[in-house]
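# Architecture at a glance
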Amino acid sequence: MSDRELNFAREILGSRSYRDVPDDEVLREAERLLGDWMSGEARMERPKLYDHYALLLLALTRQVRALESRVSELEAAREPQ
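All residue numbers refer to position in the chain's written sequence, counted from 1. Thresholds applied to this predicted model are a pLDDT of at least 70 for local features of residues and 80 or more for the giving and counting of side-chain atom pairs; totals over whole chains, interfaces and linings are not thresholded and use all residues. Side-chain measures were taken over the full set of non-hydrogen atoms in the model, leaving aside hydrogen atoms and water.

Attention shifts here to empty space enclosed by the protein. The definitions used throughout rest on a 1 Å grid laid over the protein atoms alone, on which a cavity is an enclosed set of points accommodating a 1.4 Å probe that cannot get out and a pocket is an open set flanked by protein within 12 Å on both sides along at least five of seven lines; lining residues are those having an atom within 4 Å of a point. Grid points are joined across faces, edges and corners, and a volume is the space filled by probe spheres set on the points. Counted under the stated rule, the structure contains 1 cavity of 30 Å³ or more. Put simply, the largest cavity is a space of about 30 Å³. Around the largest cavity, the lining residues are Y18, V21, D23, V26, L55, L58, A59 and R62. What counts as a helix is a DSSP run of H or I of at least four residues, what counts as a strand is a run of E of at least two, and both are numbered from the N terminus. Listing elements by their share of the lining of the largest cavity, those giving two or more residues are α2 (23-39) and α4 (53-78). Ranked by residues supplied to the lining of the largest cavity, first place goes to α4 with 4 residues. Looking at side-chain class alone, the lining of the largest cavity contains 6 nonpolar, no polar and 2 charged residues. Basically, the charged four are Asp, Glu, Lys and Arg, the nonpolar ten are Ala, Val, Leu, Ile, Met, Phe, Trp, Tyr, Cys and Pro, and anything else, Gly included, counts as polar.

Pasting the structure below:
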């Protein structure tokens, strides 16, 4: 474990805007970072970790909406005509 405290959002975004990072990348990197943090393999800036949960929640919200849309389309396609 490094003594360096990671900034949650900066580790995911780098120098990009949140709009430029695909949701699947946000989810993958957030899962990795949070797993490392929970296992004690990485240290996070505590206040920043809580502040930047919005990044993860936004990606999750988008994924849920996309899945809901796909389910609706599938349900509509199998309804009797």
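Once you've had a look at it, read on.
Next up on the list: the pattern of salt bridges. Between Lys or Arg on one side and Asp or Glu on the other, a salt bridge is scored when a side-chain nitrogen of the former is within 4 Å of a carboxyl oxygen of the latter. Scanning the model with the defined rule gives 7 salt bridges in all. Where R62 meets D23, a salt bridge forms, and the shortest distance between an N and an O atom there is 3.1 Å. Of this pair, R62 sits in helix α4 while D23 sits in helix α2, and the two are 39 residues apart along the sequence. Whether a residue is buried, partly exposed or exposed follows from its accessible area with a 1.4 Å probe, protein chains only, as a fraction of its type maximum: under 20%, in between, or over 50%, in that order. Of the residues examined, R62 reaches a relative accessible area of 35% and is grouped as partly exposed. Using a relative accessible area of 16% as the deciding quantity, one classes D23 as buried.

This brings us to the packing of α2 against α4. Helix axes are fitted to C-alpha atoms over the stretch in contact, other axes to C-alpha atoms as well, and angles between N-to-C directions run from 0 to 180 degrees. One way to put it is that α2 packs onto α4 with a least axis distance of 9 Å and a crossing angle of 130 degrees. With respect to α4, the axis of α2 lies oblique. For the crossing formed where α2 meets α4, the hand is left-handed. Residues D23, D24, V26, L27, A30, L34 and W37 of α2 pack against Y53, L55, L56, A59, L60, R62 and Q63 of α4. Within the contact of α2 with α4, the residues separate by chemical class into 10 nonpolar, 1 polar and 3 charged. Angular relationships are summarised with four words: roughly parallel below 35 degrees, roughly antiparallel beyond 145, roughly perpendicular across 65 to 115, and oblique for the angles in between. Here a crossing is taken to be left-handed if its near helix is turned anticlockwise relative to the far helix by less than a right angle, and right-handed if that turn runs clockwise. Only heavy atoms matter for contacts: two residues are in contact if any of them lie within 4.5 Å across the pair.

Under the 1.5 Å per step criterion, the end-to-end length of α2 is 24 Å for 17 residues, consistent within 8% with the ideal 24 Å. Here α2 has its buried residues at D23, E25, V26, E29, A30, L33, L34 and W37. Taken around the axis of α2, the buried residues stretch over an arc of 145 degrees, which confines them to a single face. Among the exposed residues of α2, those oriented more than 90 degrees off its buried face are E31 and M38. Expected helix span is computed as 1.5 Å times (number of residues minus one). This arc describes the spread of directions from the helix axis toward the C-beta atoms.

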